[in-house]
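Descriptive structure summary
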Amino acid sequence: MAKKKSSSSWRRRWISYLTNFGFLVLRWVKPVLVLRSFTLVTRFDHVQELLTRNDIFRVPYAAKMQKIAEGGNFFLGMDDTPTYQRDVSNMRQVVRRDDLQTKITPFVETVCNSILTPCRGKLDVVQELTRVVPTRLVGEYFGTPGWEQNEFIDAVATMFHYLFYPVDTAEEQAALAAAHKTRAYLDHTIAERKARRSPQDDILARCLSMQDAGVPGMTDVDIRNNLIGLIIGALPTSSRSTVNVLDYLLDRPALLAVAQRAARGDDDRRLVSYVQECLRLNPFTVGVRRICTQDYVIAQGTWRATRIPRGAMVLASTHSAGMDNRKIDQPRALRLNRPANNYLHFGYGLHTCFGQHINLAQIPAMVKSVLKLPGLRRAPGAAGKMRSVGPFPVNLGLEFDA
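Our subject in this report is the structure included herewith. These figures come from a predicted structure and were not determined experimentally.

1. Side note on the overall build of the chain
Broken down by element type, the chain carries 15 helices and twelve strands. At 21 Å, the chain has a C-alpha radius of gyration in line with the 21 Å of a compact globule built from 402 residues. For the chain, the residues scored as buried account for 53% of the 402 residues in total. The contacts of the chain with a sequence gap of at least 6 include a subset with a gap of at least 24, amounting to 70%. Approximately 18300 Å² of the chain is accessible, and the part contributed by carbon and sulfur atoms is 54%.

In structure tokens, the structure reads:
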């Protein structure tokens, strides 16, 4: 059985190696690869350049987001307009940085403990932990627990898949049905909270207080659309990122042991560094998409200067950028002292992940809770291999000494 696990581990490593090798060749030979209506950008500096030119490279999510929001939009799908600035500003007032220590981290740690304490040596970390904890946090902190936990998670994952990946007609219909149910749920929740005010302090309550004060952009529909966007961004990525970190560590026993010592010593700062490095090396996405709205020469003035044609779909590979040795010292090594500007897996520029600070509190807290389990190891056979459906993990069996 151990031999089989080792073979699977080596296969995953070879796939990762070949992917990274392909990006390495492109970074040296053709760092901006133009293929008719598609362009791939692979170097760190070029990815940053692209993601700062919001006037040229625009997000492609607006049309789909408008279908999800029934004609509305969420700032993730907006260009840099007054409406974008208004909505981001409003949500920054309700999603506060000081909540990380006073609300988010303590809640996540409590929920993780409540889930793991009754476990007796076995755990499906996806179904029992990484899907559950973010959903409960959304319920507690956003004020939107959903209608039924598993159905709510699945609906959000379906909408996320629709927004960020190519889908067929059946997948689109499933996403729009999920969006309809989510809108109805949020409309009901907002109306109920307005009718029965309570002293609870969550995102929805703060939004309603701003509405009471007459703040523009805080109608019921505005609040609903912003909550839909935040929920879609919060649930699937948190689960997948946590599983990616654990999966990476479990393949490397020596590294796992060192990370476990940090977890057992409650060295939270060090754990954040482990999470950042694991996500750089084993990211949850290969990059972000943009649409080029006019002919643009990237890396102008260098031998790498390349014209990206108007209308091209562009993939800014944050994964490749994170392995670029022109910016990242010894990129294949896991190092805990890298500067924060080495990391692009939460995006860059105008559309940097709005919830990245929540992610960097929640994900390490979930990882820590698992790393503290004594004798942590993969479950034998297929159960111990991460299984995914589409872009999302659905199972990863672990065992530990009860």
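Read on for the rest.
2. Concerning the sheet that holds strand 5 (residues 288-292)
The strand order across the open sheet built from five strands is 1-2-8-5-3, with neighbouring strands paired in mixed fashion. Strands with a single pairing partner mark the edges of an open sheet, and in this sheet they are strand 1 (32-35) and strand 3 (57-58). The pairing of strand 1 with strand 2 (residues 38-41) spans four bridges and is antiparallel. Paired with Leu-33 across the two strands is Leu-40, which belongs to strand 2. Contacting strand 1, strand 2, strand 3, strand 5 and strand 8 (313-316), helix 2 (residues 44-52) crosses the sheet at an angle of about 130° to strand 8.

3. Side note on the packing of helix 8 (residues 149-164) against helix 9 (residues 169-195)
With their axes 8 Å apart at the nearest point, helix 8 and helix 9 run at an angle of 130° to one another. Taken together, the axis directions place helix 8 and helix 9 in an arrangement best described as oblique. Along this stretch, helix 8 crosses helix 9, giving a crossing that reads as left-handed. Across from Glu-151, Ala-155, Thr-158, Met-159, His-161 and Tyr-162 in helix 8, the residues of helix 9 making contact are Glu-171, Glu-172, Ala-174, Ala-175, Leu-176, Ala-178, Ala-179, Lys-181 and Thr-182. Looking at the contact of helix 8 with helix 9 residue by residue, the classes come out as eight nonpolar, three polar and four charged.

4. Some words on the pairing of strand 11 (residues 392-395)
Looking along a regular strand, one sees the side chains alternate between the two faces of the sheet. Bridge count between strand 10 (residues 387-389) and strand 11: three bridges; the pairing is antiparallel. Residue pairing in the sheet places Arg-387 in a bridge with Asn-395 of strand 11. With antiparallel pairing between neighbouring strands as the criterion, strand 10 and strand 11 make up a hairpin whose turn holds two residues, including Gly-390 at a positive phi of roughly 65°.

5. Brief notes about a nonpolar patch on the surface
There is a patch of nonpolar side chains on the surface, built from Phe-21, Leu-24, Val-25, Trp-28 and Val-29 and spanning about 470 Å² of accessible area. Turning to its location among the elements, Val-29 is positioned in helix 1 (residues 2-29). The class for Val-29 is exposed, based on a relative accessible area of 58%.

6. Describing the sheet that holds strand 9 (residues 377-378)
Whether parallel or antiparallel, the strands of a sheet pair through hydrogen bonds between backbone atoms. Taken in spatial order, the three strands of this open sheet run 4-12-9, and their pairing is antiparallel. Sheet topology places strand 4 (122-124) and strand 9 at the edges, where each strand pairs with a single neighbour.

7. Focus on the nonpolar core
The biggest cluster of nonpolar side chains holds 96 residues, and the ones touching the most others in it are Ile-68, Val-125, Ile-203 and Leu-371. The contact partners of Ile-68, leaving out residues within four places of it in the chain, are Met-159, Tyr-162, Leu-163, Leu-176, Ala-179, Arg-183, Ile-228 and Ile-232. Counting residues in each nonpolar core, the second largest holds 19 residues, with Val-47, Phe-57, Ile-308 and Ala-321 among its members.

8. Considering the side chain of Thr-105
Within the element layout of this structure, Thr-105 appears in helix 5 (residues 99-116). Contacts of Thr-105, omitting those with residues within four sequence positions, involve Leu-100 and Ala-361.

9. Here we look at helix 15 (residues 356-371)
Every α-helix winds through 3.6 residues per turn, so residues three or four apart in the chain are directed the same way. The terminal C-alpha atoms of helix 15 lie 22 Å apart, and with 16 residues this matches the ideal 22 Å at 1.5 Å per residue to within 8%. In terms of burial, helix 15 is a largely internal element, 14 of the 16 residues being buried.

10. Regarding the environment of Arg-290
With respect to the helices, strands and loops of the structure, Arg-290 is situated in strand 5. Along the sequence, Arg-290 and Met-65 sit 225 residues apart, while their C-alpha atoms lie 15 Å from each other.

11. Regarding the packing of aromatic side chains
Taken as a whole and judged by the stated rule, the model has twelve aromatic pairs. Judged by centre distance (4.9 Å) and plane angle (70°), the rings of Tyr-61 and Phe-164 are edge-to-face. Taken together, the residues span a long stretch of sequence, with Tyr-61 in the loop between strand 3 and helix 3 (62-68) and Phe-164 in helix 8 at a distance of 103 residues. With respect to class, Tyr-61 is no different from Phe-164; both count as buried. With centroids separated by 6.2 Å and ring planes inclined at 90°, the aromatic side chains of Phe-75 and Tyr-84 adopt a geometry described as edge-to-face. The pair Phe-75 / Tyr-84 is uniform in exposure class, with both members buried. Ring-pair connections join several aromatic residues into one group, and the members of that group are Tyr-61, Phe-160, Phe-164 and Phe-392. The ring centre of Tyr-248 lies 3.6 Å from the NZ or CZ of Arg-252, which sits over that ring. In this structure, Arg-326 is placed above the aromatic ring of Trp-28, and the distance from its NZ or CZ to the ring centre is 4.4 Å.

The rules behind these values
- Residues numbered from 1 in each chain as written.
- Predicted model: local features only at pLDDT ≥ 70, side-chain atom pairs only at ≥ 80, totals over all residues.
- Heavy atoms only, no water.
- Helix = DSSP H or I, 4+ residues; strand = E, 2+ residues; numbered from the N terminus.
- Rg over C-alpha atoms; globule rule 2.2 N^0.38 Å.
- Buried < 20%, exposed > 50% of the residue type's maximum accessible area, 1.4 Å probe, protein only.
- Contact = heavy atoms within 4.5 Å.
- Areas by Shrake-Rupley, 256 points an atom, 1.4 Å probe, with all protein chains shown as cover.
- Pairing = 2+ DSSP bridges.
- Axes fitted to C-alpha atoms, helices over the stretch in contact; angles between N-to-C directions.
- Parallel < 35°, antiparallel > 145°, perpendicular 65-115°, else oblique.
- Left-handed = near helix turned anticlockwise from the far one by under 90°.
- Nonpolar A, V, L, I, M, F, W, Y, C, P; charged D, E, K, R; others polar.
- Patch = residues over 30% accessible without salt bridge, like charges linked within 9 Å, V, L, I, M, F, W, Y side chains within 5 Å.
- Salt bridge = Lys/Arg side-chain N within 4 Å of Asp/Glu carboxyl O.
- Core = buried A, V, L, I, M, F, W, Y, C linked by side-chain atoms within 4.5 Å.
- Expected span 1.5 Å × (residues − 1).
- Phe/Tyr/Trp six-rings, centres within 6.5 Å; stacked < 30°, edge-to-face > 60°.
- Lys NZ or Arg CZ within 6 Å of the ring centre and 35° of its normal.

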